[in-house]
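One-letter residues, chain by chain:
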Amino acid sequence: MKKLSLLFLLLVLAAGVQAQSDIVKSLERNVPGQGKVTIHQDPRIAALLGSVPPSTGEQKILKSSGYRIQTYAGNNTRQAKNEAHNVGSRVKEYFPELSVYTSFNPPRWLCRVGDFRSIEEADAMMRKLKATGVFKEVSIVKDQINIPL
């Protein structure tokens, strides 16, 4: 009985969300002789209502467990910070398609690159990084990765 009432409640809520998005559309319709209503709102509101996909400026990202390649690990000095950013810039020069993540993870500055779902993908890219001769001390680390939707 509880499952049935919970299912009914979910159906009512889903219908309510759909009705809200229909309200905006019905207000904006152009009916001759009745005037015209124009609604100016943030596109994210429509996205929350489910009537329009999110604006193109914002890309949805799914967080998942995966692998990244660590290209630099220093200490907590300003010089280490600068070096971490420099290594990230050099990675972007050679591999512009890779995402670069420079961060301070106490007590050290890190530069990690890529979002790899499997260790095989990460290993293939690590070999390419080493083959440049610029990135010698690289390693694969397990990390939380970003997967664009």
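Scroll up for the structure.
Residues numbered from 1 in each chain as written. Predicted model: local features only at pLDDT ≥ 70, side-chain atom pairs only at ≥ 80, totals over all residues. Heavy atoms only, no water.

Caption draft 1: Local environment of the pattern of salt bridges. Scanning the entire structure with this criterion turns up five salt bridges. Between Arg127 and Asp123 there is a salt bridge whose closest N-O contact spans 3.0 Å. Linking Arg127 with Asp123, this pair stays in helix α4 (residues 119-131), spanning four residues, or about one helical turn. What makes Arg127 exposed here is its relative accessible area of 56%. Asp123 gets classed as partly exposed once you look at its relative accessible area, which sits at 24%. Among the charged side chains, a network of salt bridges with common partners joins Arg68, Arg112, Asp115 and Asp143. (Salt bridge = Lys/Arg side-chain N within 4 Å of Asp/Glu carboxyl O. Helix = DSSP H or I, 4+ residues; strand = E, 2+ residues; numbered from the N terminus. Buried < 20%, exposed > 50% of the residue type's maximum accessible area, 1.4 Å probe, protein only.)

Caption draft 2: Quick peek at unusual backbone geometry. Following Pro106, the chain continues into Pro107 via a peptide bond in cis, with omega recorded as 10°. Within the fold, Pro107 resides in the loop between β2 (100-105) and β3 (108-116).

Caption draft 3: Main features of the packing of aromatic side chains. Applying the stated criterion across every chain, the model contains two aromatic pairs. Residues Phe104 and Trp109 carry aromatic rings whose centres are separated by 5.2 Å and whose planes lie at 50° to one another, so their mutual orientation is tilted. The ring of Tyr101 is capped by Arg68, whose NZ or CZ atom sits 3.6 Å from the centre of that ring. (Phe/Tyr/Trp six-rings, centres within 6.5 Å; stacked < 30°, edge-to-face > 60°. Lys NZ or Arg CZ within 6 Å of the ring centre and 35° of its normal.)

Caption draft 4: Main features of the environment of Gly88. The topology assignment puts Gly88 in helix α3 (residues 78-94). Separated by ten residues in the primary sequence, Gly88 and Leu98 have C-alpha atoms spaced 10.0 Å apart. Each residue touching Gly88, except ones within four places of it in the same chain, is listed here: Val100 and Cys111. (Contact = heavy atoms within 4.5 Å.)

Caption draft 5: Up close: the sheet that holds β2. On the basis of which strands lie adjacent, the open sheet formed by four strands has the order β2-β3-β1-β4 and antiparallel pairing. The open sheet has two edge strands with one neighbour each: β2 and β4 (139-148). For this sheet the average axis-to-axis angle between neighbouring strands, irrespective of direction, equals 40°. For β2 and β3, the ladder comprises six bridges, and the chain directions are antiparallel. Across the sheet, residue Val100 finds its bridge partner in β3, namely Val113. Across the face of the sheet, α3 comes into contact with β1 (61-73), β2 and β3 while running at roughly 20° to β3. Running at roughly 30° to β1, α4 makes contact with β1, β3 and β4 of the sheet. (Pairing = 2+ DSSP bridges. Axes fitted to C-alpha atoms, helices over the stretch in contact; angles between N-to-C directions.)

Caption draft 6: Examining α3 more closely. With 17 residues, α3 should reach 24 Å at 1.5 Å per residue; the first-to-last C-alpha distance of 25 Å fits that figure. Within α3, the full set of buried residues consists of Ala80, Ala84, Val87, Gly88 and Val91. Each buried residue of α3 sits inside an arc of 100° when the element is viewed along its axis, so together they form one side. Projecting away from the buried face of α3 at angles above 90 degrees are the exposed residues Arg78, Gln79 and Glu93. Tucked into the core, α3 has its buried residues touching β1, β2 and β3. (Expected span 1.5 Å × (residues − 1). Arc of directions from axis to C-beta.)

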